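In case you want the letters, here they are:
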Amino acid sequence: VYVRVKSVQRIGDKLRLLDQTRLPHELVYNDYDRYPDIIAAIKRLEVRGAPAIGIAAAYALAVGVKQTGKYQSDDIRVVANEIRQARPTAVNLTWAVDRLMARLEATSPENLAATLDVLWAEAEAIHREDRDMCLRIGQYGAALIGDGDTVLTHCNAGALATGGIGTALGVVYTCRDQGKRIRVYADETRPLLQGARLTAWELQQEGIDVTLICDSVAGALMAEDKIGHVIVGADRIAANGDTANKIGTYSLALLAMAHEIPFYVAAPASTFDQAMESGADIPIELRSPDEVTEVFGSRVAPEGIDVYCPAFDITPNELITCFITDTGLRPGGRAAGAVRCNE
Ligand code: MRU
C-alpha cells in the first residue's frame, strides 16, 4: 500500500515538514534546523496528528542537540522538556521523546557526534516503525470492511497525520488496494477544518471517492442508513479503553451507537497510555478563542464573547466497538463478541 504524501522527512541534519496550515491551496515544505521553530510548528499545527507529532518531536531533539552542540544529559533534558510541552493530549509526543532519552541512557555516548548518531538513529527507527504500524493497522482494519461499504471519518487520521499511510485512512487505502470500492464521508471538523482542508484533499489526491460534510450532517446520514462504519484515529487511549480524539468524536460515537453502526478507533501501540487509568486522567488541550471567533482571519463572532475551545474530547470505551491496532483487533466496550469486532 503506497501513498504519495509525506508529512515529515529527515533531510540531512534538518527536519522537513509539509506545512499543513497551507493545505489544500499550497504545497509548501519548510526545513528546520532550530528546535524552538519545530516546537512552534507543532503548536501552530503545521505538523499535527498524534503519530506525526511524535516523529517530529523525536527529530526535534536531534535537531536541538545539533543546534546547541550540547550533549551532556542535563542539557539534553532541558531541550527534551521543552519539546514535551509543545502539545498536551497526544501521548505520542512524550512517548517519542522519552524513548530517545532512554536510548541515550542505555548507550551513554561519549561525545557530540556519538550522541547525535544515537538520536538520529532512534528518531528514524520511530519513523520507520510508525510506517510499518500503519500498514499493519490497514491490514487488520480492512478485514472489517466489505466491497461497496461506506465509511465516515472525523478530523484527519491519514498519511498527513502519520509517518506512513495513516491509521483510519490507512484502512481505506488498504481496502482500495484490495480492490474494494469504498466511499468515504469526511466531517469538515470544526473549528480548524482538518477534515475539509486535509482529509478531503488527501483522499482526493489518492483517488478515493470522498464526500465532504458539515459535522452536523453525520446524524442525518446515519438516520438515512448511508453510513456502514465510523473509523477515527486517537490521540491517547487510556488503560480502560477511553479514547481522546479530535473534538466531536464523542458525539459521533453516541450517534453511531444510537444507529447501531460500528465505531472503530484505529491507532498504533504508541498511542496507548497504560499510565492513564481512564479518560478522566487525559489532559485536554484548550486552544485559542480566535480559532472559533475567526474563520481564516475574518471575525464571525461578536467582540468580547466568551469562548470554550477544547481541541479533543473523550469517547468512553463503552461506545467503541473495536480498536484496530498494529497487533490486531481488540474489542472495545461495545463489541458484541470477543472474536469479530464488527457485530
Ligand atoms: O489537532 P490535531 O489535528 O493534531 O488532531 C488530530 C486528531 O485528533 C487525530 O484524529 C489523531 O491525532 C490521530 S492521527 C492518526
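Up top you'll find the structure we're talking about.
These figures come from a predicted structure and were not determined experimentally. (Residues numbered from 1 in each chain as written. Predicted model: local features only at pLDDT ≥ 70, side-chain atom pairs only at ≥ 80, totals over all residues. Heavy atoms only, no water.)

Undergrad: Can you walk me through the pattern of salt bridges in this structure?
TA: It is possible for side chains of opposite charge to pair when their charged atoms get near one another. Following the criterion strictly, the structure yields 26 salt bridges and no others. Measuring nitrogen to oxygen at the nearest pair gives 2.9 Å for the salt bridge that ties E26 to R22. With relative accessibility at 33%, the residue R22 sits in the partly exposed group. (Salt bridge = Lys/Arg side-chain N within 4 Å of Asp/Glu carboxyl O. Buried < 20%, exposed > 50% of the residue type's maximum accessible area, 1.4 Å probe, protein only.)

Undergrad: Whenever I open this one, a nonpolar patch on the surface confuses me. Can you help?
TA: On the surface, Y250, L254 and M257 cluster together into a nonpolar patch covering about 250 Å² of accessible area. Position of L254 relative to the elements: it lies in helix 9 (residues 249–258). (Patch = residues over 30% accessible without salt bridge, like charges linked within 9 Å, V, L, I, M, F, W, Y side chains within 5 Å. Areas by Shrake-Rupley, 256 points an atom, 1.4 Å probe, with all protein chains shown as cover. Helix = DSSP H or I, 4+ residues; strand = E, 2+ residues; numbered from the N terminus.)

Undergrad: Is there a simple way to explain the side chain of T325 in this structure?
TA: Summarising the element assignment, T325 is placed in strand 15 (residues 322–325). Looking at T325, the relative accessible area reads 7%, which means it is buried. A distance of 2.9 Å separates the side chain of T325 from the backbone oxygen of G328, its partner in a polar contact. (Polar contact = N/O pair within 3.5 Å; in protein donor to acceptor, adjacent residues only side chain to side chain.)

Undergrad: Honestly, the pairing of strand 10 (residues 263–266) in this entry has me stumped. Any pointers?
TA: In regular strands, side chains alternate between the two faces of the sheet. Covered by surrounding structure in strand 10 are F263 and V265 together with Y264 and A266, the residues of both alternating faces. Both strand 7 (residues 229–232) and strand 10 contribute to a ladder of three bridges, which runs parallel. Within strand 10, the position partnered with I231 by the bridge is Y264. In terms of strand pairing, strand 10 meets strand 15 through three bridges, oriented parallel. Pairing of A266 across the sheet is with I324, part of strand 15. (Pairing = 2+ DSSP bridges.)

Undergrad: Just checking my understanding: could you explain the packing of helix 3 (residues 73–84) against helix 4 (residues 91–107) for this structure?
TA: In a pair of packed helices, the angle between the axes and the distance between the axes together describe the arrangement. Relative to each other, helix 3 and helix 4 sit at 165°, their axes nearing to 9 Å. Overall, the two elements helix 3 and helix 4 adopt an arrangement that is roughly antiparallel. Seen along the crossing, helix 3 lies across helix 4 with a hand that is right-handed. The residues of helix 4 that touch helix 3, namely those facing I76, R77, A80, I83 and R84, are L93, T94, V97, D98, M101 and L104. (Axes fitted to C-alpha atoms, helices over the stretch in contact; angles between N-to-C directions. Parallel < 35°, antiparallel > 145°, perpendicular 65-115°, else oblique. Left-handed = near helix turned anticlockwise from the far one by under 90°. Contact = heavy atoms within 4.5 Å.)

Undergrad: What should I look at first to understand the sheet that holds strand 1 (residues 8–11) in this one?
TA: Through backbone hydrogen bonds, the strands of a sheet pair up, either in parallel or in antiparallel fashion. In spatial order, the strands read 1-2-3; together these three strands make up an open sheet with antiparallel pairing. Looking along the sheet, the strands with just one partner apiece sit at the ends: strand 1 and strand 3 (29–32). Each strand of the sheet is rotated relative to its neighbour by a mean of 25°, with strand direction disregarded. Sheet analysis places strand 1 next to strand 2 (residues 14–18), joined by four bridges and oriented antiparallel. Bridge pairing links R10 to L15 in strand 2.

Undergrad: Mind showing me how you'd approach helix 6 (residues 168–177) here?
TA: Owing to its 3.6 residues per turn, the α-helix brings residues three or four apart onto one side. Of all ten residues in helix 6, eight are buried; the element is thus mostly enclosed. Buried within helix 6 are the following residues: A168, L169, G170, V171, V172, Y173, T174 and C175. Positive phi shows up at G179, right after helix 6, with a value of about 85°.

Undergrad: Please explain the sheet that holds strand 8 (residues 236–238) as it appears in this structure.
TA: Read from one edge of the open sheet, four strands run 11-8-9-14, paired in mixed fashion. Each edge of the sheet is formed by a strand with only one pairing partner; in this case those strands are strand 11 (272–273) and strand 14 (312–315). As paired strands, strand 8 and strand 11 are joined by two bridges and run parallel to one another. Looking at the pairing, I237 lines up with F272 of strand 11.

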